[in-house]
Amino acid sequence: YDTDRINQGLWQLLSTRCAVGDTPGEDDSLPTYGSQLYALLYRRIGYETKPLIMAYVVDAIATWEKRITLRDVSFLSDALSYVRGTPGTIPATALANLEKIAAGIEAVDLQYTVIESQVAGNCVFPFYTASDLTLQGYGYNFYGVQKVTA
């Protein structure tokens, strides 16, 4: 299988609202197709929402995407661990990730293996959030951190 087609399928799956309770899904013919990620749009990403995002992603993929095995789900905001562990300097790539988060863009990075061919694949799914890092539970203003220069 072509990983581009799988990535398109993952984007469609994760961006489609599925039926939950009395809330109808987007697809009338398959009301449970999709994910519950829509319920978390524009919420602050923190210790309470990350597990929900991960659960919604894993559940949707396990239910509907039978061509792959999901290996890992990570977040762009995982770069915040650099801020906590390295006072004063962080890698330039981590700083770029933090700037995206401050702009309200989180990304869910999906690492998977295509079952039929055993080819590794990767899909990055954007997730738009409230952008105030201080209120997200991280409690650190990263703007005072200096870039590491080569």
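For clarity, every value in this text was computed on a predicted model and none was experimentally measured.

Asks: Sorry, what's going on with the nonpolar core here?
Replies: Generally speaking, soluble globular proteins have nonpolar side chains that are buried together. In this structure, Leu10, Leu37, Ile53, Val57 and Leu110 are the most contacted members of the largest nonpolar core, which totals 22 residues. Contributions of two or more residues to this core are made by helix H1 (3–15), helix H2 (49–64), strand S1 (68–75), strand S3 (105–114) and strand S4 (120–128). The element that contributes the greatest number of residues to this core is H2, accounting for 5 residues.

Asks: How should I be thinking about the packing of H1 against H2 in this particular structure?
Replies: Geometry of a packed helix pair, given as the angle between the helix axes and the separation of the axes. In contact at an axis separation of 10 Å, H1 and H2 are set at 120° when each is read in the N-to-C sense. Here H2 runs oblique to H1, going by the angle between their axes. In the packing of H1 onto H2, the handedness of the crossing is right-handed. Here Leu10, Leu13 and Leu14 of H1 come into contact with H2, specifically with Val57, Ala60, Ile61 and Trp64.

Asks: I tried to follow the environment of Val20 on my own but got confused; where do I start?
Replies: Here Val20 lies in the loop between H1 and H2. By relative accessible area, which is 33% here, Val20 ends up partly exposed. On a C-alpha basis, the gap between Val20 and Gln36 in space is 7.8 Å, while along the polypeptide they are 16 residues apart. Residues within four places of Val20 in sequence aside, it is in contact with Gln36 and Tyr38.

Asks: Even after reading the chapter, I still don't get the pairing of S3, so can you show me in this structure?
Replies: Regular strands place side chains that alternate from one sheet face to the opposite one. Counting buried positions along S3 yields 7 of 10 residues, so the element is predominantly enclosed. Here 7 bridges tie S1 to S3, and the two strands are oriented antiparallel to one another. Across the sheet, the residue bridging to Asp72 is Gln111, located in S3.

Asks: Please clarify how the packing of aromatic side chains should be interpreted in this entry.
Replies: Two measures describe an aromatic ring pair: the distance that separates the ring centres and the angle between the ring planes. Under the criterion given, the structure shown has 2 aromatic pairs. Plain terms: the ring middles of Trp11 and Phe125 are 5.5 Å apart, the flat faces sit at 75° to each other, and that makes the pair edge-to-face. Of this pair, Trp11 sits in helix H1 while Phe125 sits in strand S4, placing them 114 residues apart in sequence. On the basis of an interplanar angle of 70° and a centroid distance of 5.3 Å, the ring pair of Tyr33 and Trp64 is categorised as edge-to-face. Here Tyr33, found in the loop between H1 and H2, pairs with Trp64, found in helix H2; they are 31 residues apart in sequence, far enough to count as distant. Under the relative-accessibility criterion, Trp64 is labelled partly exposed at 28%.

Asks: Just checking my understanding: could you explain the confidence of the model for the protein for this structure?
Replies: Regions with low pLDDT should not have their predicted coordinates read in detail. Mean pLDDT over the protein: 76, with 67% of residues reaching 70 or higher. A low-confidence stretch, residues 132–150 (pLDDT under 50), is modelled with 41 contacts involving residues beyond four sequence positions or located in other chains.

Asks: Mind showing me how you'd approach the side chain of Ser74 here?
Replies: Here Ser74 is to be found in strand S1. If sequence neighbours within four positions are ignored, Ser74 has contacts with Ala107, Val108 and Asp109.

Conventions adopted
- Residues numbered from 1 in each chain as written.
- Predicted model: local features only at pLDDT ≥ 70, side-chain atom pairs only at ≥ 80, totals over all residues.
- Heavy atoms only, no water.
- Core = buried A, V, L, I, M, F, W, Y, C linked by side-chain atoms within 4.5 Å.
- Buried < 20%, exposed > 50% of the residue type's maximum accessible area, 1.4 Å probe, protein only.
- Helix = DSSP H or I, 4+ residues; strand = E, 2+ residues; numbered from the N terminus.
- Axes fitted to C-alpha atoms, helices over the stretch in contact; angles between N-to-C directions.
- Parallel < 35°, antiparallel > 145°, perpendicular 65-115°, else oblique.
- Left-handed = near helix turned anticlockwise from the far one by under 90°.
- Contact = heavy atoms within 4.5 Å.
- Pairing = 2+ DSSP bridges.
- Phe/Tyr/Trp six-rings, centres within 6.5 Å; stacked < 30°, edge-to-face > 60°.
- pLDDT = per-residue confidence, 0-100.

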